Amino acid sequence: MSKMTMWQQYLSIKQKYADVILFFRLGDFYETFGDDAKLIAEVLDITLTVRGLSSDENTPMAGVPYHAADNYIEQLVSRGYRVAICEQMDEMVHKTLQKREVVRIVTPGTLTEPTMLQAERNSYLAAILVDRGNVGLAYADLTTGEFCATELRGNEALKQLEGELARLGAAELLVSDAPELRPAGMEIAKKQLAQDLAPMRKAERERLLPHERTAKKVEGNNESTWVQGNVTQWPNWHWDARTARDALLNQFKSQSLDGFGLGNKALATRAAGALIQYLHETQRDSVAQVRSLRVYDTTRFMFLDPQTRRNLELTEGAGGQRKGSLIAVLDQTRTPMGARLLRQWISQPLIELGPLTERQQAVSCFVEETLVRGELRALFKGVGDIERTINRVVQGIATPRDLVRLREALRLTPDILSQIERTGLRSTSPTEAAPSDDDLFDDEPTSNQIDACADICELLEQAIADDPPALLGTWDNARSDENVIRKGHAAEIDAIVEATRDAARWINELEAKEQQRTGIKTLKVSYNKVFGYYIEVTKASGETRIPDDYIRKQTLVNAERYITPELKEYESLILNASEALNEKERQAFRLILRHLANAGNRLLDLARAIAEFDVYSTLAEVAVRQRFVRPTLRLDDVFVIQGGRHPVVEHNLNEPFTPNDAHFDADHQIIVLTGPNMSGKSTFLRQVALIGLMAQIGSFVPADYAEIGLLDRIFTRIGAQDDIATGQSTFMVEMIETANILHNGSPRSLIILDEIGRGTSTYDGLSIARAVVEYIHNQPRLRAKTLFATHYHELTELANILPRVHNWTLAVAEEGDHVVFLRKVIEGAADRSYGIHVAQMAGLPPAVIKRATEVLSELEGKGDREQRREAMRRMNAAGSSAVPQMSLFASNEPNPAVELLREMDVTQLTPIEALTKLYELQRLAKVE
Ligand SMILES: Nc1ncnc2c1ncn2[C@@H]1O[C@H](COP(=O)(O)OP(=O)(O)OP(=O)(O)O)[C@@H](O)[C@H]1O
């Protein structure tokens with residue numbers, strides 16, 4: 001192979017893939033050159049070598065073995081890089097230059113390898129297009145074939161886009177390279193990505209090559225906006241209306257997009273079309289699994305902004321982990337499809353009564369049918385990820401083991417369906433058959449009845465061996481009966497097997513036959529690698545008896561070796577058998593895959609029905625285990641919870657959780673909640689929101705009783721955090737979020753406000769907090785159900801002025817010096833904040849606690865700021881003499897430990913009593 005020619009071939013391919021890492025197949029390695037090599041050597045920690053590939057330079061080179069490439073590719077892709085896989089296309093190695101082609105570009109959003117994906121969540125590629133404030137959004141999961149698009153218009157379009165991006169958590173985001181078609185300053189992408197991906201460390205950034213730096217810089221020069229490149233810019237012409245439309249029509253083999261509901265949705269069409277083109281580019285045109293497009297309308301779902309999703313810890317707990325999240329409690333699903341569907345439900349609560357009632361009925365049914373639930377959940381365990389398997393079948397990349405798994409699932413299906421039948425329930429999942437003119441599949445239109453796909457099971461039973469090897473092309477002569485394809489399925493394969501066996505038998509019997517024919521008793525039939533099979537006759541045994549049809553092949557010192565034309569014929573049958581068998585198996589396997597792909601829609605409908613019933617039975621299981629009840633759903637303002645609990649806190653708490661009520665109606669709109677720190681305010685706020693949300697995914701709720709007036713949105717403003725990603729201060733973030741709530745809330749919304757105004761001075765904060773409550777109360781457009789937790793006790797006055805404002809507080813019992821939090825929400829207002837008690841519980845030094853108590857009692861009576869200042873000045877002076885006295889015995893106060901010692905009559909103590917007293921003394925000393 002001429003180096004220059006190969007190098008020229010490399011350069012011409014690399015030119016087309018300048019912005020991705022090119023894995024160039026050279027024999028058993030994928031090699032990278034130049035900047036790519038420097039980059040992967042650094043990132044993968046592999047050796048960088050230098051080769052003189054072109055006449056005048058030393059080219060850096062780094063490679064990975066092809067059989068271990070997946071692992072390296074995964075490392076690169078998980079860090080946001082994209083890798084083009086360039087393969088050798090010729091089967092045999094020729095002397096001339098191999099033909100090479102890029103067969104796939106691996107990107108974060110287009111991974112299909114099960115090992116690189118999480119089973120319980122979708123892996124989305126999303127495409128967004130912003131045109132004068134309106135948004136087109138499309139997303140697809142290549143592993144499940146899901147493909148959806150929507151259009152967002154009006155004032156809130158960008159806000160909604162943020163919510164959708166937070167819901168999807170896309171692995172890769174596709175945007176136009178024209179800045180005017182991206183969200184201004186890409187702020188949305190920045191936020192989205194900053195959440196998902198840690199910004200790169202400065203040192204890491206500096207090591208990058210110049211072109212990588214530009215790829216990684218989302219927009220603007222702000223250092224903190226550097227991310228690891230999961231935003232992909234896709235040239236603007238792909239987003240052109242006509243190009244995009246044609247790409248979609250071509251994908252769906254359709255004449256019009258009206259049937260998809262895209263008729264008048266130009267922006268959604270452009271985003272979806274650009275996405276399809278990107279899939280074709282990265283998958284080299286094999287995108288058969290994307291068969292249809294679902295156009296959806298965000299107004300049919302509960303609106304949740306990214307903060308609210310985060311604050312309510314729906315899919316991620318505080319540390320960004322699944323632990324501590326709502327999904328961690330609810331997800332007891334038995335199949336990966338079920339897990340993914342439940343995640344979708346949690347991320348996208350419904351707002352319409354009809355579908356919610358259907359879900360509730362299904363969950364109720366499984367709550368009651370304990371036996372069916374148990375049976376079904378046991379059966380689901382064996383189903384596996386048929387959704388992703390079917391998509392690999394449709395893509396033509398399924399392996400023999402994939403089909404075995406599919407068969408196992410289909411074997412269970414009749415039992416599953418008969419259990420479902422016992423409930424009388426039907427699947428409600430929408431079928432996604434493409435309304436195309438030329439349907440891609442031969443499937444019958446799907447009816448309401450779930451199809452067990454018995455014919456497919458039958459086909460797999462008789463076509464695939466019981467325990468086939470993982471891959472095709474592995475026919476081993478030793479296992480002569482069958483390999484991947486079951487005996488009896490393909491006549492051609494059986495014929496070869498039969499012929500091979502005959503040939504082997506013939507050769508086995510040849511020795512005896514020839515001994516008899518020739519009369520030479522020492523005649524032997526043997527085999528070696530150079531000559532194959534041969535007949536050996538020792539010289540001593542008399543060459544005179546050699547038959548005429550023997551052809552002399554080799555003469556040894558004391559033996560002659562012969563062959564016969566017939567022997568060679570049988571030999572060639574045996575030696576070529578594995579190659580022929582492998583080829584025939586490949587053909588038969590391809591045929592089976594095609595057959596299965598033709599039933600793709602039916603199989604996917606089955607997978608979806610299983611997912612759905614997995615989720616229903618799971619929600620029922622959790623409801624029973626955790627004592628949840630079915631909420632009554634209503635269309636008015638009434639929102640009543642009796643004995644409500646926080647599903648996650650309760651689940652993780654070692655002690656009993658104290659249930660609490662909540663009540664909103666026409667007269668109870670705003671609750672001002674006061675109470676000490678650590679008393680349970682935040683838990684209560686979140687629990688009310690979570691119960692509302694759970695009701696609107698169709699789940700039962702952690703309460704004794706609940707009536708839920710359906711919510712259109714849940715807003716939360718909780719805690720004070722700096723938004724590091726956008727460089728905004730705590731207070732600014734707080735005010736932006738509050739403004740959003742005031743502009744967009746409605747009487748059907750639930751607003752959770754936890755201490756607004758905390759980030760500024762007391763008076764500013766108090767004034768803003770009061771104005772906000774008044775606005776929510778008085779603005780007819782707003783009038784949302786509101787829970788307002790605050791430390792400004794002054795706000796409790798509002799209940800006397802505004803009729804729909806009520807005060808609630810968390811009950812506290814004072815036992816001597818100690819404060820006990822009862823965790824019970826009661827009517828009324830807290831009169832003190834007990835901050836010093838919490839400080840004591842947290843272990844602040846006793847001297848500090850004591851001093852703080854003194855300062856507090858001085859300040860408490862003082863009405864205005866001047867009086868307080870004056871009090872502070874006086875205290876300062878007094879404080880200098882009352883500098884905390886650290887010594888236990890130097891205190892003027894009688895010390896309880898010392899008092900106890902004094903009172904003790906040591907002579908009267910039994911040893912046990914002495915020990916008990918000693919123990920008590922030590923405890924007293926520790927308290928001090
Ligand atoms: N109803 C309850 N039953 C039992 N334990 C509870 C209950 N509510 C809260 N807790 C416990 O009390 C802890 C503190 O609750 P939470 O964080 O809600 O208090 P808080 O009043 O919001 O405090 P802060 O004002 O300091 O933010 C929780 O971590 C939880 O363990």
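Predicted, not measured: the structure shown is a model, and the values here were computed from it.

Definitions and limits used
- Sequence order as written defines the numbering, with residues in each chain counted from 1.
- Local features are withheld for residues below a pLDDT of 70 in this predicted model, meaning they are given only at 70 or higher, and side-chain atom pairs are given and counted only at 80 or more; totals for whole chains, interfaces and linings count all residues.
- The side-chain figures draw on all heavy atoms in the structure; neither hydrogens nor water molecules are used.
- What counts as a salt bridge is simple: a side-chain nitrogen of Lys or Arg found within 4 Å of a carboxyl oxygen of Asp or Glu.
- Only DSSP runs of H or I covering at least 4 residues are called helices, and only runs of E covering at least 2 are called strands; the numbering of each starts at the N terminus.
- Any residue under 20% of the maximum accessible area for its type is buried, any over 50% is exposed, and the rest in between are partly exposed; the area is computed with a 1.4 Å probe on protein chains only.
- In this tally, Asp and Glu contribute negative charge and Lys and Arg positive charge; neither His nor the terminal groups of the chain are included.
- N or O atoms closer than or at 3.5 Å make up a polar contact, with two conditions inside protein: a donor-capable atom paired with an acceptor-capable one, and, for residues adjacent in sequence, both atoms drawn from side chains.
- Consider each residue's heavy atoms; a residue with any of them within 4 Å of a molecule or strand counts as near.
- Surface exposure here means Shrake-Rupley accessible area, sampled with a 1.4 Å probe, where a residue is shielded only by the protein chains that are shown.
- Three classes are used: nonpolar for Ala, Val, Leu, Ile, Met, Phe, Trp, Tyr, Cys and Pro, charged for Asp, Glu, Lys and Arg, and polar for all others, with Gly counted as polar.
- How sure the predictor is of each residue is captured by pLDDT, a score from 0 to 100.
- The contact rule is simple, with two residues in contact once any of their heavy atoms fall within 4.5 Å.
- Each direction from the helix axis to a C-beta atom contributes to the arc, which is the arc of those directions.
- Two rings belonging to Phe, Tyr or Trp (six-membered ring only in the last case) form a pair when the distance between their centres is within 6.5 Å. Interplanar angles under 30 degrees mark stacking, angles over 60 mark edge-to-face geometry, and anything in between is tilted.
- In this description, strands pair whenever DSSP reports at least two bridges between them.
- Simply put, an axis is a line fit to the C-alpha atoms, just over the touching stretch for a helix, and the angle between two N-to-C directions goes from 0 to 180 degrees.
- Each angle receives one of four descriptions, namely roughly parallel if under 35 degrees, roughly antiparallel if over 145, roughly perpendicular if within 65 to 115, and oblique otherwise.
- We call a set of buried residues a nonpolar core when its members are Ala, Val, Leu, Ile, Met, Phe, Trp, Tyr or Cys and they connect through side-chain atoms within 4.5 Å of each other.
- UniProt positions are given in the numbering used here, feature names are shortened, and annotations may be inferred rather than shown by experiment.
- Each crossing gets its hand from how the near helix is turned against the far one by less than a right angle, where anticlockwise is left-handed and clockwise is right-handed.

Asks: For this particular structure, what's the right way to read the pattern of salt bridges?
Replies: Oppositely charged side chains can form a pair if their charged atoms are brought close together. Scanning the entire structure with this criterion turns up 41 salt bridges. Of the charged contacts, one joins D131 and R270 as a salt bridge, the two residues approaching to 3.8 Å between their closest N and O atoms. Taken together, the residues span a long stretch of sequence, with D131 in strand β7 (residues 125-131) and R270 in helix α9 (residues 266-283) at a distance of 139 residues. Accessibility classification places D131 together with R270 in one group, the buried group. With a shortest N-O distance of 3.6 Å, E621 and R377 are connected by a salt bridge. Separated by 244 residues along the polypeptide, E621 in helix α20 (residues 600-625) and R377 in helix α14 (residues 370-380) bring together distant segments of the chain. We note that E621, like R377, is buried.

Asks: Would you take a moment to explain the side chain of R100 for this structure?
Replies: As for its position among the elements, R100 is in strand β6 (residues 100-106). One buried charged residue, R100, remains without a salt bridge, the closest side chain of opposite sign being E87 at 7.9 Å. In terms of polar contacts, R100 uses its side chain to reach the side chain of Q9, at 2.8 Å. Only 3.2 Å separates the side chain of R100 from the side chain of Q88, close enough to count as a polar contact.

Asks: Explain the site of the ligand here, please?
Replies: Inspection of the region around the ligand gives 15 residues, with T658, M678, K681, S682 and T683 positioned closest. One of the side-chain nitrogen or oxygen atoms of N677 is found 3.4 Å away from an oxygen atom of the ligand. In the environment of the ligand, an oxygen atom lies 3.0 Å from a nitrogen or oxygen atom belonging to the backbone of G680. Within the complex, the protein chains bury 77% of what would otherwise be the 630 Å² of accessible surface of the ligand. Sort the elements by how many residues they give to the shell around the ligand and helix α22 (residues 681-695) lands first, with three residues. Split by residue class, the shell around the ligand holds five nonpolar, seven polar and three charged.

Asks: Quick question: what am I supposed to make of unusual backbone geometry here?
Replies: Leaving glycine aside, a negative phi is the common case for residues, and trans is the common case for peptide bonds. Not every positive phi belongs to a glycine, and E313 is a case in point at roughly 50°. Structurally, E313 is set in the loop between α10 (306-311) and α11 (326-330). According to the relative accessible area criterion, E313 is partly exposed, its value standing at 22%. Notably, M678 is not glycine yet its phi reads approximately 70°, a positive angle. With respect to the helices and strands, the residue M678 is situated in the loop between β20 (670-674) and α22. With a relative accessible area of 56%, M678 lands in the exposed category.

Asks: I keep staring at the confidence of the model for the chain and nothing clicks. Help me out?
Replies: Low pLDDT means the predicted coordinates in that region are not meant to be read closely. Per-residue confidence for the chain gives a mean pLDDT of 83, with 85% of residues at or over 70. Here residues 722-726 is modelled with pLDDT under 50, and outside its nearest four sequence neighbours on either side it reaches ten contacts, counting other chains as well.

Asks: Please explain helix α29 (residues 896-903) as it appears in this structure.
Replies: Counting along an α-helix, one turn takes 3.6 residues, and residues three or four places apart therefore face a common direction. Within the sequence span of α29, burial applies to A897, V898 and L900. Seen along its axis, α29 keeps its buried residues to an arc of 160°; they face one direction. Within α29, the exposed residues directed more than 90 degrees away from the buried face are R902 and E903.

Asks: Is there a simple way to think about the packing of aromatic side chains in this case?
Replies: The description of two aromatic rings rests on the distance between their centres and on the angle between their planes. Within the structure shown, the criterion is met by 19 aromatic pairs. Ring geometry for W7 versus Y10: centroids 5.1 Å apart, planes at 10°, classification stacked. Residue W7 and its partner Y10 are located together in helix α1 (residues 3-16), separated by three residues, close to a single helical turn. Under the relative-accessibility criterion, Y10 is labelled buried at 3%.

Asks: Which parts of the structure should I look at to understand the sheet that holds strand β9 (residues 146-152)?
Replies: Strand pairing within a sheet occurs via backbone hydrogen bonds; the two strands may be parallel or antiparallel. Spatially, β11-β10-β7-β8-β9-β12 is the arrangement adopted by the six strands of the open sheet, whose pairing is mixed. The open sheet has two free edges, formed respectively by β11 (231-234) and β12 (294-295), since each of these has just one partner strand. Across four bridges, strand β10 (residues 172-176) lies against β11 in parallel orientation. Bridged to V175 within β11 is Q233.

Asks: Help me out: how do you make sense of the packing of helix α17 (residues 454-463) against helix α19 (residues 565-598) in this one?
Replies: The packing of two helices is summarised by the inter-axis angle and the distance between the axes. In contact at an axis separation of 11 Å, α17 and α19 are set at 170° when each is read in the N-to-C sense. Comparing their axes, α19 and α17 come out roughly antiparallel. Residue-level contacts link I456, L459, L460 and A463 of α17 to I592, H595 and L596 of α19. Per-class residue counts for the contact of α17 with α19 are six nonpolar, one polar and no charged.

Asks: I would appreciate a short explanation of the environment of V50 in the present structure.
Replies: Structurally, the position occupied by V50 is in strand β3 (residues 49-54). For the pair V50 and G34, spaced 16 residues apart in sequence, the C-alpha separation works out to 9.2 Å. Beyond its immediate stretch of four places on either side in the chain, V50 contacts N58, T59 and P60.

Asks: What is the right way to read the nonpolar core from this model?
Replies: In globular proteins that are soluble, nonpolar side chains generally tend to be buried together. Core analysis: the largest hydrophobic core is formed by 127 residues, its most contacted members being L330, I386, L403, L410, L596, V688 and I714. At 14 residues, α20 tops the list of elements feeding residues into this core. Leave out the neighbours within four places in its chain, and V688 touches F639, I641, A662, F664, L750 and L787.

Asks: Please explain the environment of M694 as it appears in this structure.
Replies: As for its position among the elements, M694 is in helix α22. Linking M694 and P349, residues 345 residues apart in sequence, is a C-alpha distance of 7.9 Å. Excluding residues within four positions of it along the chain, M694 makes contact with L326, L330, F628, P647, S699, F700, V701 and P702.

Asks: Any chance you could explain the UniProt feature "binding site: ATP" (unreviewed entry) in the chain here in plain terms?
Replies: Feature annotation in UniProt places "binding site: ATP" (unreviewed entry) on G675, P676, N677, M678, S679, G680, K681 and S682, given in this structure's numbering. When sequence neighbours within four positions are dropped, the list of residues in contact with M678 reads F821, R823 and V838. The contacts of K681, once residues within four sequence positions are left out, are L673, T674, G675, P676, E755, A789, H791 and L810. Polar side-chain contacts of K681 include one of 3.0 Å to the backbone oxygen of P676.

Asks: Teacher, can you tell me more about the sheet that holds strand β13 (residues 524-528) here?
Replies: One open sheet holds the four strands; their spatial order is β13-β14-β16-β15, and the pairing between them is antiparallel. Each of the sheet's edge strands pairs with one partner strand only, and the pair in question is β13 and β15 (551-555). Averaged over all pairs of adjacent strands, the angle between their axes in this sheet comes to 40°, without regard to strand direction. In the sheet, strand β14 (residues 532-538) pairs with strand β16 (residues 559-563) via four bridges, with the strands oriented antiparallel. For T538, the partnering residue across the bridge sits in β16 and is A559. Helix-sheet contacts for α19 involve β13, β14, β15 and β16, and the interaxial angle to β14 is about 145°.

Asks: Can you help me understand the pairing of strand β1 (residues 21-26) in this one?
Replies: Remark: a regular strand shows side chains that alternate across the two faces of the sheet. Counting buried residues along β1, five of its six residues qualify, which places the element largely inside the surrounding structure. Both β1 and strand β5 (residues 83-88) contribute to a ladder of four bridges, which runs parallel. Across the sheet, L22 pairs through a bridge with A84, a residue of β5. As defined by bridge partners, β1 adjoins strand β2 (residues 29-33) across three bridges and the pair is classed as antiparallel. Within β2, the position partnered with L26 by the bridge is F29.

Asks: What am I meant to see in the packing of helix α16 (residues 400-423) against α20 here?
Replies: Direction vectors running N to C along α16 and α20 enclose 50°, while the axes themselves pass 12 Å from each other. By the angle between their axes, α16 is oblique relative to α20. Handedness of the crossing formed by α16 with α20: left-handed. Residues L410, T413, I416 and I420 of α16 form the contact with α20, whose participating residues are L603, L606, I610 and F613. Class assignment of the residues belonging to the contact of α16 with α20 gives a composition of seven nonpolar, one polar and no charged.

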